[in-house]
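One-letter residues, chain by chain:
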Amino acid sequence: MKPTIFTISMFAIALSAIVCITTRADAQMHPMMIPLTTTLVITKPAPGEIFGNKQVVTMGVGPKTYKFVLNDAYVDDPRGIIHWPDIWEQVRQYRPNFNVTGLGEDTFAKMQPGETLTVRGMYSPNNQTYEVMGTEPGGGTFAPAQHY
């Protein structure tokens with residue numbers, strides 16, 4: 001009788017270990033370790049402008065920090081798992097929100113008040129680095145059509 005109880009208890013322990021290891025909480029954010037192509041549509045505010053309910057994002061370029069109104073942002077995740085709110089939740093507590101590197105890092109210093117720019121880059125979740133790959137004036141390909 002004792003070997004049977006021992007076998008059943010070992011089976012129960014093994015089964016509970018397998019169940020506990022394989023389940024996960026869907027409320028937890030999925031890990032983001034590889035750089036993700038992220039596009040930001042930003043506008044440089046006028047000096048002294050009040051932001052109200054607009055989302056503000058800060059970009060650090062070397063020792064300087066630039067503040068922009070975030071008009072739109074999206075992530076090009078081919079798996080469709082990571083979205084902009086996931087990235088924002090990770091970086092919103094930092095000042096600056098993103099540490100900018102790359103060929104286009106001087107773009108932020110050259111922007112004029114009221115100017116809108118679409119910035120495409122690679123975001124690295126490990127250290128909040130945003131490497132600029134390219135910029136486009138205006139709202140980019142998703143901007144509304146211009147009327148003259």
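Residues numbered from 1 in each chain as written. Predicted model: local features only at pLDDT ≥ 70, side-chain atom pairs only at ≥ 80, totals over all residues. Heavy atoms only, no water.

## Examining the sheet that holds strand 4 (residues 98-102)
Basically, it comes down to this: Paired strands are those between which DSSP finds at least two bridges. Put simply, DSSP marks the helices as runs of H or I at least four residues long and the strands as runs of E at least two long, and each gets a number from the N terminus on. A fitted line through C-alpha atoms serves as each axis, taken over the contacting stretch for helices, and the angle formed by two N-to-C directions is quoted from 0 to 180°. Pairs of residues are marked as contacts when any of their non-hydrogen atoms sit within 4.5 Å.
Pairing is mixed around the closed barrel formed by six strands, whose spatial order is 1-3-2-4-6-5. Averaged over all adjacent pairs, the angle separating strand axes in this sheet is 50°, with direction ignored. The pairing of strand 1 (residues 36-43) with strand 5 (residues 116-124) spans eight bridges and is classified as antiparallel. Pairing of T37 across the sheet is with M122, part of strand 5. Together, strand 1, strand 2 (56-61), strand 3 (64-75), strand 4 and strand 5 form the strand contacts of helix 2 (residues 84-91), whose direction differs from that of strand 3 by roughly 155°.

## Regarding helix 2
The following threshold applies: Using a 1.4 Å probe on the protein chains alone, a residue whose accessible area is under 20% of its type maximum counts as buried, one over 50% counts as exposed, and one in between counts as partly exposed. Directions pointing from the helix axis toward each C-beta atom define the arc.
Of all the residues in helix 2, the buried ones are W84, I87, W88, Q90 and V91. Down the axis, helix 2 shows its buried residues gathered within 160° of arc, on one side only. Buried residues belonging to helix 2 abut strand 1, strand 2, strand 3, strand 4 and strand 5.

## Observations concerning the packing of aromatic side chains
Each aromatic ring pair is summarised here by two numbers: the centre-to-centre distance and the angle between the ring planes. Let me state the cut-off plainly: Aromatic rings from Phe, Tyr and Trp, taking only the six-membered ring of Trp, are treated as a pair when their centres fall within 6.5 Å; an angle between ring planes under 30 degrees marks them as stacked, one over 60 as edge-to-face, and anything in between as tilted.
Throughout the structure, instances matching the rule amount to five aromatic pairs. Considering the side-chain rings of F98 and Y123, the 5.5 Å spacing of their centres and the 90° angle between planes classify their relative orientation as edge-to-face. Of this pair, F98 sits in strand 4 while Y123 sits in strand 5, placing them 25 residues apart in sequence. We note that F98, like Y123, is buried. Connected via pairs of aromatic rings, a cluster forms that spans W84, W88, F98, Y123 and Y130.

## Examining the pairing of strand 2
Most of strand 2 is tucked away, with five of its six residues classed as buried. Examined bridge by bridge, strand 2 and strand 3 share six bridges and lie antiparallel to one another. Counterpart to T58 in the pairing with strand 3 is K67. Remark: two residues form the turn of the hairpin made by strand 2 and strand 3, two consecutive strands paired antiparallel; G62 in that turn has positive phi of roughly 60°. By the bridge criterion, two bridges tie strand 2 to strand 4 in an arrangement that is parallel. In the strand pairing of strand 4, M59 is matched with F98.

## A look at unusual backbone geometry
For the bond running from R95 to P96, omega is 0°, close enough to zero to count as cis. Along the chain, P96 falls in the loop between helix 2 and strand 4.

## Things to note about the side chain of T129
Convention followed: We define a polar contact as two N or O atoms separated by no more than 3.5 Å, with the added condition that, inside protein, one atom must be a possible hydrogen donor and the other a possible acceptor, whereas residues neighbouring each other in sequence contribute only through side-chain atom pairs.
Along the chain, T129 turns up in strand 6 (residues 129-137). When its relative accessible area of 17% is taken as the criterion, T129 is described as buried. Here the side chain of T129 touches N127 through a polar contact of 2.8 Å, side chain to side chain. For T129, the contacting residues outside a window of four places in its chain are N99, T101, M122, Y123 and S124.

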